[in-house]
Structure formats: structure tokens, C-alpha cells
Amino acid sequence: MTALPTRTPIRPASRPAPAGNPFTGAVAAEWTKLWSVRTTWWTLLAATLTMAATAGQLAIYAVNANTDDDPTVNPGIVDVGEVVAGALDLTQYVVLALGLFAISSEFATGTIRTTLRCTPSRGRVLAAKAVVVGVVTFLAGLLLGAVGAAVARPVLGEWGRAPLGGTVGDVVASAAYLALVGVLALGLAAALRGAVLTLTVLFALLMIVPLSLQEPGITVLTRIADAFPGVAGTHFLAGDTEPYPAAVGLLVLAGWAVAALALGRWALRRRDA
């Protein structure tokens, strides 16, 4: 009897491994790009030095004012958190470069085309950049706040105080402020493309226009200035209750950041890279 040939059992074809989350991949790519350029490291170093120098200078001013012969200018005991918040007026313009260059450098070099080929969804690209910029600037803000507090406390001496809870809260608030400003810079840079133009618009929004509106002392103009991102952020950092609570100041600043991202997304979708 002839043996029947043995049949090899047919195995179902193995299914391909599911692709990773596209957004997670985009975030990972943006994270790698941000940390692979020396500009990021130089920016963080410059921000740290600026914070240390500015916090030290403000602390010296507070000590000098308290020891001045004119009692009307004596600020009294100063919280270290106030010095840290005051130092952000200058330091923020260094930190926002992280958000600005995260996309303007790609427009300048043409690498934005490669980015959009790898991640065709322009909204996803901008959202991934926003997540990375927000996280990095928040972490940088924690570092900068700690540096500012460490420098200011010994300089203030008897004229300073640094309660642990209050100081930590001020440092976290400073980090949140810088994160939102960084995202605001990213959104505007996506819309305007040019680094110089974006920086000019940011400087106007954060300082020039609000100061111009506040200078005459006219109530209506002052209320308009309160709606600008820099002033709203100042109210948030100071913990003000007037003209609105500190939480509202944070929401106003966040609204500007979201609006800037929406404008940037619209510009990315409308124009060629």
C-alpha cells in the first residue's frame, strides 16, 4: 500500500504588529529634534544665567531700599517668590526662544518639508511641538525658579523670607507661566514663520502695548491692558484679586496660548511649507 503524502498544516498568516500611536511618534520625534541641537542647551544656559543675575539684582535693590534714609521707599520684608516672579520679566524673553525656534528654524532651513512628509497631519505636528515645548519650558521654569530663589535668599538676608510652601508654589507658578509663554511663542512662530517678526510681536504683546495702555492712567485703557497675556500673567504670579483673581489671569494667558496655536494651525494648513 502506497503511503499517502503527509500534508503540512496550513497556519494562518501572522498579523502585522499594530502601528504605534501616530501622535506619540510625533511627540518623540519633536523631543529628539529639540534636544539634538545645541541651541536648546545654550538657551537654557543663558536663561539660567539671566535668572541668577536678575534675581540677585532685584534682591540687592530690595536691601538698598530697606536701608535707605527715605522710609517711603522701604518695601519691608520681601518674599523670595516675589523676586523670582520679578526676574521673569527679563528671563522670559530668553526662555520663549525655545518655543520660537522649535518651528521657525525649520522654516528657515527647509527641514519643515521633511517633518511634514514624516507626519502629514499639520495639526498633529503643531500639537506635538506644543506638548514638547510646554513640558520643556515647564521643567526649565522649575529649574530657573529654584536658581532664582537660591540666589535671592542669601542676598536678601534679614529683609527676606522663604517659607517652603509659599516658595514652592511661586516656583511652580513661574514654571506654568513660562510654559504658556513658550506655547504662545510657538503658535505665533507657526503663523508668522520669521523669528525676528515673531519676537517683535511677542515683545509688543507682552510689554510694549500693555505699558502704553497703562501709562495714561485711564481706566478703560488699563482694563484693556489687563486682557493682554503679559499683564494677565503678572496678575497670576502676584496672586492678585483685582482686577480679577489670579486663576483668571492664568486662564487669560492660557487663552492667548490656545488662540496662537489655532492661528498657527490655520496658517500651516493654508500655506505651503
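Here, every reference points to the structure presented above.
Residues numbered from 1 in each chain as written. Predicted model: local features only at pLDDT ≥ 70, side-chain atom pairs only at ≥ 80, totals over all residues. Heavy atoms only, no water.

J.: Describe the overall build of the chain, listing the residues and the values that go with them.
T.: Summing up its helical and strand segments, the chain has 10 helices and two strands in all. Its C-alpha atoms give the chain principal-axis dimensions of about 120 × 40 × 35 Å. Relative to its 273 residues, the chain shows a buried fraction of 42%. Pairs at least 24 residues apart make up 77% of the contacts formed inside the chain by residues separated by at least 6 positions. Approximately 14800 Å² of the chain is accessible, and the part contributed by carbon and sulfur atoms is 67%. Side-chain charges in the chain split into 18 positive and 15 negative, and the spacing between the mean points of these groups amounts to 33 Å. (Helix = DSSP H or I, 4+ residues; strand = E, 2+ residues; numbered from the N terminus. Buried < 20%, exposed > 50% of the residue type's maximum accessible area, 1.4 Å probe, protein only. Contact = heavy atoms within 4.5 Å. Areas by Shrake-Rupley, 256 points an atom, 1.4 Å probe, with all protein chains shown as cover. Lys, Arg positive; Asp, Glu negative; His and termini not counted. Charge placed at Lys NZ, Arg CZ, Asp CG, Glu CD.)

J.: Which residues make up unusual backbone geometry, and what values go with them?
T.: Put simply, Glu242 and Pro243 share a cis peptide bond, and its omega is 5°. Non-glycine residue Arg193 carries a positive phi angle of around 70°. The exposure class of Arg193 is partly exposed, given its relative accessible area of 21%.

J.: Which residues make up the packing of aromatic side chains, and what are the values?
T.: This structure, assessed with the given rule, holds four aromatic pairs. Judged by centre distance (5.0 Å) and plane angle (50°), the ring pair of Trp35 and Trp41 falls under tilted. According to the relative accessible area criterion, Trp41 is exposed, its value standing at 51%. Put simply, the rings of Trp31, Trp35 and Trp41 touch in pairs and so form one group of aromatic residues. (Phe/Tyr/Trp six-rings, centres within 6.5 Å; stacked < 30°, edge-to-face > 60°.)

J.: Please give an account of helix H7 (residues 195-214) that cites residues and values.
T.: Between the first and last C-alpha of H7 there are 28 Å, a value that for 20 residues agrees with the 28 Å anticipated at 1.5 Å per step. Within H7, the axis deviates most sharply at Ala204, by approximately 50°. Along H7, the positions that sit buried rather than exposed are Thr198, Leu202, Leu205, Leu206, Pro210 and Leu213. Of the surrounding secondary structure, the elements contacted by the buried residues of H7 are helix H3 (80-109), helix H6 (164-192), helix H8 (219-225), helix H9 (229-238) and helix H10 (246-270). (Expected span 1.5 Å × (residues − 1). Bend = angle between axes of the 7 residues up to and from the residue.)

J.: Outline the packing of H9 against H10, listing residues and values.
T.: Where H9 meets H10, the axes come as close as 7 Å, and the angle between the chain directions of the two elements is 150°. Accordingly, the angle class assigned to the pair H9 and H10 is roughly antiparallel. Crossing geometry of H9 relative to H10 is assigned as left-handed. Only Ala246, Gly249, Leu250, Val252, Leu253 and Trp256 of H10 make contact with H9, whose side of the interface consists of Pro229, Ala232, Gly233, His235 and Phe236. (Axes fitted to C-alpha atoms, helices over the stretch in contact; angles between N-to-C directions. Parallel < 35°, antiparallel > 145°, perpendicular 65-115°, else oblique. Left-handed = near helix turned anticlockwise from the far one by under 90°.)

J.: Run through H9, naming residues and quoting values.
T.: With eight of its 10 residues buried, H9 lies for the most part within the structure. All of the buried residues in H9 are Pro229, Gly230, Val231, Ala232, Gly233, His235, Phe236 and Leu237. Check the buried side of H9 and you find it contacts H3, H6, H7, H8 and H10. Of the residues trailing H9, Gly239 is marked for its positive phi of about 70°.

J.: Go over the environment of Val258, please, and point to the residues and values.
T.: For Val258, the position within the fold is in helix H10. Take Val258: its relative accessible area is 55%, and that puts it in the exposed class. Sequence spacing of Val258 and Gly187 is 71 residues, and the spatial spacing of their C-alpha atoms is 8.1 Å.

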